[in-house]
Structures are given as C-alpha cells and as structure tokens.
Amino acid sequence: MTFKEIQKLARAEWDSLYYGEIPLILVGTATCGRAAGALAVVEAFEKEIVRRKAAARVIQVGCMGLCYTEPLVTIIKPKSFRVCYKNITPDLVPRLVEGYILGDDPCLELALGTLAGGNGEAISIPELSRFEKEPRLIMRRCGYINPEDIKHYVASGGYSSLVRALQMPAREIISQLKRSGLRGMGGAGFPTGEKWELCQKAKGKPKYVICNADEGDPGAFMDRVVLESDPHQVLEGMIIAGYALGSSQGYIYIRAEYPLAIKRLKIALDQAQEYGFLGKNILGTVFSFYIELESGAGAFVSGEATALMRAIEGKRSIPRARPPHSVEAGLWGKPTLLNNVKTFVFVPLIIARGADWFSTIGTERSKGTAIFALAGKITNTGLVEVPMGTTLRELIFDIGGGIRQGKLFKGIQIGGPSGGCLPASLLETPVDFDSLSKAGAMMGSGGLIVMDEDNCMVDTARFFLDFTQKESCGKCTTCRIGTKQMLDVLEDIVAGRGKIEDMDLLVELGEDIRDGSLCGLGRTASNPVLTTIRYFHDEYEAHILEKRCPALVCKELIAYYIIPEKCEKGCEHCVLNCPVKAISSDERRLKIIDQTKCTKCGTCLEVCPAEYNAVVKLSPPTLVPMKEG
Amino acid sequence: MAELKERLQRLLTEEKRDKRHLISLLQEIQQEFSYLPREVMLEIAWFLGVSPSTVYSVTTFFNQFRFTPVGKHPIRICLGTACHLAGGKLVLETVERELDIKVGGVTADGQFGLERVACIGCCALAPVMTINGDVYSRLTPLKMEEVLTLLKSGGESERK
Ligand SMILES: Cc1cc2nc3c(=O)[nH]c(=O)nc-3n(C[C@H](O)[C@H](O)[C@H](O)COP(=O)(O)O)c2cc1C
Ligand code: FES
C-alpha cells in the first residue's frame, strides 16, 4: 500500500467510528485510569450493551492528564454533543447506557463537560479556562485516539511528517530543527538541532538513535502517559532521526516498571513495521530502520546518557567522563544520538508545521511547550502542558485549581531529585530552562509537587536526598560519601538533634558535591537541600533551635495529645483502634496517651469523630501537659 | 533442582548467547522464578562466558533484582514524592509492625512480602500500594490494617 492508500483507509475507518451512526464510548485505560478502576468500567459497559441490546462501541484510549477525574469516560453520539464523564464507576454504567446510549438524556449531572460546544447547561471542556493556557502539542491526541491502532494515528495526521522528511535532504531537516530553537526535554535543555548535527557529522559507523524513556524521577510520569496514549509519535520522531543521521538502528530504553507502556510500544512497533513505516526499505525508499526495546532494571542513574548506553550494552550503568561525547563515541563506541521521549515527539510537529511556527511558542531561549506532573496538595492533580514561560502562579492556581481544602500554599518542588523547592514569593517565576536554573531549581523531569502548610520543607529535602543517596552509583567519592554525610545531618535535624552550624555544613557539603561529581546526579543532588535552606531558613531554625516542626510532620518532634475538654468521654474509638494499645481511660473515663508506647501513626486522630476533634498534634512534644509524661 | 535446570534451559536460547543480553536474561529469569537463585546466576555466567562476579556485580547494581523469593502476596508500597508527602511512610510502618517484617522481607509463612516502590503514576490517589497487582488508594494506617486483616483471613479485600 502507498501512504496515500493507508491514509485513505485510516480516515475512512476513523470517520465511520467518530462520525458514524453508532455511539462510541471511550474509556481512558492508561495506568492511572486502571488504578482508579477503568477496566471494570470497560467490562461493565460491554456487559450492559449486550444486556440492553444497545448499539454502541467501546474503545480504550489513553490519558488526557486529568488524573483527578479518573475513570474518565467520553461518549460520542451522532448528531449530538460529545460528553466527558468523570469518576465513573461500574454502578453508574447502566445509568449512562439508559440515559445517553439508548435515550437522549446526556446525564449532565455526571459530566465533567462536553467536547466541542456546550449546550449552556454543561461546560465545554476545550473552553475551560485552563485549556486557554494549555495549547497542547505533545498531548494533543492523548485520550482521544486508540493507542493500539496505528490507523487512528495516521488518520489524525500521523506519519505524514516522515513521508515529507524522506523527501528532504538530511541537512534541511537538521537546519529546521536548529532554527526551531527546540531544546532537549530530558531536563538539561541541550539544543536538539545542534546535537543532531554533531552526530550527523561524526565519523564512524554504524550510528545509533536512542530514546530515553527511563523516567526515573519518583514523582513524574509524563513520558509514560505519552507512550501509553500516543506511542507512534515517538517512533515517527526516531525514524526521522535515523534518516537524518544515517542510522539504521534505534533503541528505546524504558523502565521495566511501565508494563503497559511497554506493551503498547510493542504493538506500535509491530504495526509500524506491518504498514512499512519501520523496517527494511521504509515506504519504498532505500532507507531502513529498526527499533528495539530495552527495559531498564530500576536504577535512577541509568537515565543519565552515558550510563544508559552502558546498560544497553549489558553492563552496570555507571556514567563516564566526557569527552568523548556520546554523539561521537556512544553506544559500543559509535556515534549515538540520545533524546528524551518528548524531544522526539516535537520532531514530526516541526517538520509538519515548520520551524518558524514552533519558534513563536515559548520564550526567547526556551521554545515550545513543557509538560508538568502536578501532584501533592493541588486540586487538579495530573498532567499539564503549557508554553514555556507560563508562570508558576498560572500553573498552580489557574490550571491546577489551587490548594486543596482551602489550606495555605507554602511552596513547590519542581524538577524531581535534581530540582529545587521554591517559596510563594517566587510564584511569578516563568517556567523555562533558564529562569528555573536561576532560582536554584531545574526543569529536570517536570515533576511539580505542590506543598501546603502541612508539609515540612526539611523533611522534603531529606526525602529527596535519601533518594539520591541511595541511587548514587558510587563512582565519585564526593557524591557517594558526601550525600551520605548530608543525609546524616538532615536525619539529625528532623530528629531534633541538629546544631545551628549544621546549616553551614550542609551548604558547604552541597557545593562540594556539586563541584566534585562527574554526572548530573551528583551535580544536582544538593539542589533540594540548598534551595530549602535558602528559601525556608526559618523551618530549619525551628527544628534546630526550638526542636519544633512547624508543619507537625517530623515524628520525633511531635506528640499526639487528647484535649480533655473536647473528649467525649463515653466514646472509645481511639482506645479500641490504637494499634499498640497506647491509649487508656482513666477513672473519669478521660483518654490518655502513653507517650512511651505511642508510635505516632495518627490513627487516633483519624478515628476521633469529627464533632469532637479532640486529638491534636503538638510540637515540640514538651507541650504535652506533664501528668501524661 | 532438575526442574529448575529445565525451566532455565528454556530461557537460555542460542540467540541470547551474547554478553549484551545479560540484563534482559536476568529480567526474564527473575520473571520466571520471582527471584535470582544462586545456581541460576552461576549457570548464566557459564552460558555467556563471563565470570560469576560480573553477573553478581550487575545484579547487585540494579534495584530490580532480588536474591530471595517474594511472598505469595507481594505488598508494594509507593514511596514516591506524592505518596511520601501524603503519609506513605506511616502505611509502610503499619505493615512492618503488623506483619513483623522489614522492607525486602517475607513473612515466615511465605504469605506476604514487603517492598517499596517509587511512583506508580497514581499520585492523584496518594498514598497508594499494590497487592497482587491491584491498586489500593488513599491509604491510612487504619485502612491498611483492615486490608491486612482481610487478606490474612483469606478473603479478597474490596478494592480501594
Ligand atoms: C541521574 C540522571 C538521570 C536522568 N534521567 C533521565 C530520564 O529519566 N529521562 C531523560 O530523558 N533524561 C534523563 N536524564 C538526562 C539525560 O542524561 C540526557 O541529558 C537526556 O536524556 C538527553 O535528551 P534531550 O537532549 O532530549 O533532553 C538524566 C540525567 C541524569 C544525570
Ligand atoms: S508518588 Fe506514589 S503514585 Fe506517584
């Protein structure tokens, strides 16, 4: 089949599905949807359709990034509006089938909103104020197409950039990328066109193309969502890279913890091969390109470029000193191009719409969009895709919906273990590579954790350092031993054993590790600590000088206490539920916590009925009246 | 032992006989046996023509590999960023206390194993864990105890 014929076939199929006579039910079944029970919803729909003898099709799609609405269901009905339903459970399915598949009631009380045009009663999702700020590029198809059907991708424009690229001279592709201003999305922001050019000019054969899908930050998942929801766009970018650099072998290095992404990638690779976009003589040309999947074995440092190549070679993934750079001597000592998942996604877009178009998006020095994984105390958890240069305030309040339960915003942690913590006073900071670095943080992985008054910044710094310390590969002494020393100091501080000089010690150690380490892991490991010391000095002082945790988090610095005046004496919830039997009733039936037995698990606070609210956390623990000792 | 060898031979196919497949072979073997038995690691070293210490150095480097069997119900508690901030550690401590095991351990009867994982991508539902692949969300120590009680009594706990 020629590409035109494939396109025609794909479009016909797409039109009959999305604009045909039979209602279409889309269920988001990416990992996040599954966790919320999406597969049970698919099953419920399939059963109900049979039971009611209704005409409808169920299709599993990826994730729109609206994690707080999962399981998310979209119903597309001929000559009627398309409605998205949020938090759908199997018991709501009969209602939807009865209402909107069989009848004409769109069940708007269950809806998040409508797609393409509201009806006055329901909000139109594309017109939601957040989407005004989210002109999505990378995620534009996520949640709308079936990621396991290449025809959906082709019908929505897929692989036409490859067709175009195959008719362009390689240097023209590279010069487009250079002019577009695209920078690597793997965190460090290296100019992509320049990297491709270096690799293209490098001597040595064969050359390799690698996609970095290791995504090691323990709080980011955008690469996974892209691969689970629209995998072909990554393949298309890689194939174009192979053509431009004269390489015939690509690898995708993906974490083993992403089984669904691996499964969907395998399907995508098979289908791309079947339709002639991959493999020998692509689309009838002399160009051949193959892609293999390599699954990572769970080491954060494997995400570092040189370490990743060692892992593919079957070795311990330990970074090496540069030069030589990987573009000249990478995998098996051959010229190798390594880019992040999202970087490859931008390539077909730039080929299709042009470098000039791309360079209008974003800021002077950071072009395009960036995806962030919003989590923590934010109302709308999930993924957001915004143009570079959007401010943190817009990201958190306009798109993210602000802090949950009316709590007070304290700060954010951006960029994962290499990133930093920024306070409320920096909310006007634009998110782009350079502004974030200037503030002491980093674009990094794109993890964005929002913290409120109940989160302790010292504990957060300790958390990230604990992670990097465990993940340090041990090659550089400063990183191996320095991070351990820093961690020890932080453990002391959160346990109330800190000394005021410790803060200077942490800064000194942090700077030494930064200067004395070979790879990005060590060079950025101290960022979370250095930024919290810089912006949340008072919290460190409270821990050290007053043995007090202002957020009431650090276990050694808090105690649980039952306020006698509030305790409804007849009730025994706390006594019965305490897992270590630390709570007893005295002769007046007042509840008392034996502080020597208490493990501070918080169960008593959880079970104390809301109308009494008698259990509180106190810090420092010495605030507990003496007789309870 | 004979049976172990046989299961192993099925995985050690000729096209895999190259040092570069060491990690993927180990992954497949762990998938099959749930851990890496000592004899098996020696066998791989011989198969690929590398020293046992090379195999050992790779297996100890990556977090994915384990040297003891997992329990019948592996409890995987997420301690990614979002889950940590939402109190994942308290949930972990509950399991440690109730089952009297530490992270990486298995209960004496082989029923439960405890592991920590980093972000499984359900941050919106933090803190979360998986048992036998099912996701349990918005956990608290109390909820955790209930899940354990149910599982111990052999009942399938209600999801979430
Ligand atoms: C410790 C460490 C972990 C990294 N993890 C990742 C990762 O998970 N994914 C990624 O794309 N890049 C990661 N990087 C960055 C890569 O080294 C590399 O810069 C990037 O993949 C290049 O792609 P880009 O030019 O498209 O950004 C990591 C770097 C370090 C130092
Ligand atoms: S941090 Fe636990 S699911 Fe993301």
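Residues numbered from 1 in each chain as written. Chains lettered and ligands numbered in written order. Predicted model: local features only at pLDDT ≥ 70, side-chain atom pairs only at ≥ 80, totals over all residues. Heavy atoms only, no water.

**Student:** Could you clarify how one ought to interpret the site of ligand 1 in this entry?
**Tutor:** All names here are of chain A. Around ligand 1, a shell composed of 18 residues is seen, among which G186, K195, N339, N340 and T343 lie nearest. One of the backbone nitrogen or oxygen atoms of G186 is found 2.7 Å away from an oxygen atom of ligand 1. Backbone polar atom of A305 to an oxygen atom of ligand 1: 3.0 Å apart, as the coordinates give it. For ligand 1, whose free accessible area comes to 610 Å², the fraction covered by protein is 86%. Among the secondary structure elements, those contributing two or more residues to the shell around ligand 1 are β9 (336–340) and α21 (520–525). No other element matches β9, which puts three residues into the shell around ligand 1. For the shell around ligand 1, the class distribution of residues is five nonpolar, nine polar and four charged. (Near = heavy atom within 4 Å. Polar contact = N/O pair within 3.5 Å; in protein donor to acceptor, adjacent residues only side chain to side chain. Areas by Shrake-Rupley, 256 points an atom, 1.4 Å probe, with all protein chains shown as cover. Helix = DSSP H or I, 4+ residues; strand = E, 2+ residues; numbered from the N terminus. Nonpolar A, V, L, I, M, F, W, Y, C, P; charged D, E, K, R; others polar.)

**Student:** Looking at this structure, how should I read the interface of chain B and chain A?
**Tutor:** Interfaces are frequently sized by the accessible area removed from exposure as the parts join. If you look at the interface, chain B gives 39 residues, while chain A gives 59 residues. Of the roughly 3600 Å² buried between chain B and chain A, counting both surfaces, carbon and sulfur atoms make up 57%. In this structure, the connection of chain B to chain A is made through three salt bridges. When the shortest N-O distance is used, the salt bridge between E292 of chain A and R20 of chain B registers 3.5 Å. The tally of links from chain B across to chain A stands at eleven residue pairs in polar contact (both at pLDDT 80 or more). Of all the secondary structure elements, the ones that give two or more residues to the side of chain B that touches chain A are α2 (22–33), α4 (52–61), α5 (81–85), α6 (88–99) and α7 (141–152) of chain B. (Contact = heavy atoms within 4.5 Å. Buried area = accessible area lost by both parts, 1.4 Å probe. Salt bridge = Lys/Arg side-chain N within 4 Å of Asp/Glu carboxyl O.)

**Student:** Hey, could you run me through helix α9 (residues 192–201) of chain A in this one?
**Tutor:** Because each turn of an α-helix spans 3.6 residues, side chains separated by three or four positions in sequence point in the same direction. Residues and elements named next belong to chain A. Among the residues of α9, those classed as buried are T192, G193, W196 and C199. Taken down its axis, α9 places every buried residue within 130 degrees of arc, on the same side. Its buried side turned inward, α9 meets α8 (170–180), α11 (232–245), β9 and α14 (341–353). (Buried < 20%, exposed > 50% of the residue type's maximum accessible area, 1.4 Å probe, protein only. Arc of directions from axis to C-beta.)

**Student:** What is the right way to read the nonpolar core from this model?
**Tutor:** The nonpolar side chains of a soluble globular protein tend to be buried, and buried together. Residue and element names in this part refer to chain A. Residues Y159, W196, F277, F372 and I414 are the most contacted members of the largest nonpolar core, which totals 129 residues. Among residues more than four places away in sequence, those in contact with F372 are M222, G382, L383, V384, V386, L395, I414, V431, M443, G446 and L448. Grouped together as the second largest cluster of nonpolar side chains are 44 residues, F300, L331, L338 and C519 included. (Core = buried A, V, L, I, M, F, W, Y, C linked by side-chain atoms within 4.5 Å.)

**Student:** Can you walk me through the sheet that holds β9 of chain A in this structure?
**Tutor:** Whether parallel or antiparallel, the strands of a sheet pair through hydrogen bonds between backbone atoms. All names here are of chain A. Across the sheet, four strands lie side by side as β8-β7-β6-β9; this open sheet has parallel pairing. Each of the sheet's edge strands pairs with one partner strand only, and the pair in question is β8 (290–296) and β9. Going across the sheet, the axis of each strand differs from the next one's by a mean of 20 degrees, ignoring polarity. As judged from the seven bridges shared by strand β7 (residues 249–255) and β8, these two strands associate in the parallel manner. Paired with I254 across the two strands is S295, which belongs to β8. (Pairing = 2+ DSSP bridges. Axes fitted to C-alpha atoms, helices over the stretch in contact; angles between N-to-C directions.)

**Student:** What's the story with unusual backbone geometry in this structure? I'm lost.
**Tutor:** Peptide bonds are trans in most cases, and residues, glycine excluded, mostly fall at negative phi. Residues and elements named next belong to chain A. Following K205, the chain continues into P206 via a peptide bond in cis, with omega recorded as -10 degrees. On the secondary structure map, P206 appears in the loop between α9 and β6 (208–213). In this chain, S619 is followed by P620 through a cis amide linkage whose omega measures -5 degrees. Mapped onto the fold, P620 is located in the segment after β18 (615–618). The phi torsion at Q405 lies on the positive side, around 50 degrees, for a residue other than glycine. With respect to the helices, strands and loops of the structure, Q405 is situated in the loop between α16 (392–399) and β12 (409–414).

**Student:** Hey, could you run me through the sheet that holds strand β2 (residues 112–117) of chain B in this one?
**Tutor:** Residues and elements named next belong to chain B. With mixed pairing, four strands are arranged side by side in an open sheet as β2-β1-β3-β4. A strand with exactly one partner marks an edge of an open sheet, and here the two such strands are β2 and β4 (134–136). The sheet shows a mean angle of 25 degrees between the axes of neighbouring strands, taken without regard to direction. In the sheet, strand β1 (residues 73–78) pairs with β2 via six bridges, with the strands oriented parallel. The partner of I75 across the bridge, within β2, is L114. Where α7 meets the sheet, its contacts fall on β1, β2, β3 (129–131) and β4, and the angle it forms with β3 comes to roughly 5 degrees.

**Student:** Got a minute to help me understand the pairing of β1 of chain B in this structure?
**Tutor:** Residue and element names in this part refer to chain B. Counting buried residues in β1 gives five out of six residues, a clear majority hidden from the surface. As paired elements, β1 and β3 share three bridges and run antiparallel to each other. Paired with I77 across the two strands is M129, which belongs to β3.

**Student:** Hey, could you run me through the domain arrangement of chain B in this one?
**Tutor:** For chain B, the assigned domains are domain 1 (2–61) and domain 2 (73–152). Taking only C-alpha atoms into account, the centre of domain 1 of chain B sits 30 Å from that of domain 2 of chain B. (Domains from an automatic or database assignment.)

**Student:** Is there a simple way to think about the pattern of salt bridges in this case?
**Tutor:** Charged atoms that come close allow side chains of opposite charge to pair. All names here are of chain A. Under the defined criterion, the tally for this structure stands at 51 salt bridges over all chains. The shortest N-O distance in the salt bridge between K263 and E148 comes to 3.6 Å. Of this pair, K263 sits in helix α12 (residues 259–274) while E148 sits in the loop between α5 (129–132) and α6 (150–155), and the two are 115 residues apart along the sequence. Given the relative accessible area of 40%, K263 is considered partly exposed. Note that R365 and D434 form a salt bridge whose closest N and O atoms lie 3.2 Å from each other. Of the two residues, R365 sits in the loop between α15 (355–359) and β10 (369–376) while D434 sits in helix α17 (residues 433–438), which places them 69 residues apart along the sequence.

**Student:** Quick question: what am I supposed to make of the side chain of T107 of chain B here?
**Tutor:** Residues and elements named next belong to chain B. Considering the arrangement of structural elements, one finds T107 in the loop between α6 and β2. Among the polar contacts made by the side chain of T107, one reaches the main-chain amide nitrogen of Q111 at a distance of 3.3 Å. Each residue touching T107, except ones within four places of it in the same chain, is listed here: L99, I101 and F112.

**Student:** Can you help me understand the packing of aromatic side chains in this one?
**Tutor:** Centre distance and the angle of the planes are the two values used to describe a pair of aromatic rings. Residue and element names in this part refer to chain A. According to the stated counting rule, one finds 17 aromatic pairs over all chains in the structure shown. Between W14 and Y18 the ring centres are 3.9 Å apart and the planes differ by 15 degrees, which places this aromatic pair in the stacked class. One end of the pair, W14, and the other, Y18, are both in helix α1 (residues 3–18), four residues apart, so they sit about a helical turn from each other. Residue placement shows R130 over the ring face of F131; its charged tip is 5.3 Å from the ring centre. Note that R255 overlies the ring of Y258, its terminal NZ or CZ placed 5.2 Å from the centroid. (Phe/Tyr/Trp six-rings, centres within 6.5 Å; stacked < 30°, edge-to-face > 60°. Lys NZ or Arg CZ within 6 Å of the ring centre and 35° of its normal.)

**Student:** Hey, could you run me through α4 of chain B in this one?
**Tutor:** Residues and elements named next belong to chain B. Among all positions in α4, only V55, V58, T59 and F61 are buried. Down the axis of α4, the buried set is contained in an arc of 165 degrees. They therefore lie on one face. Where the residues of α4 are buried, they touch α2 and α3 (38–48).

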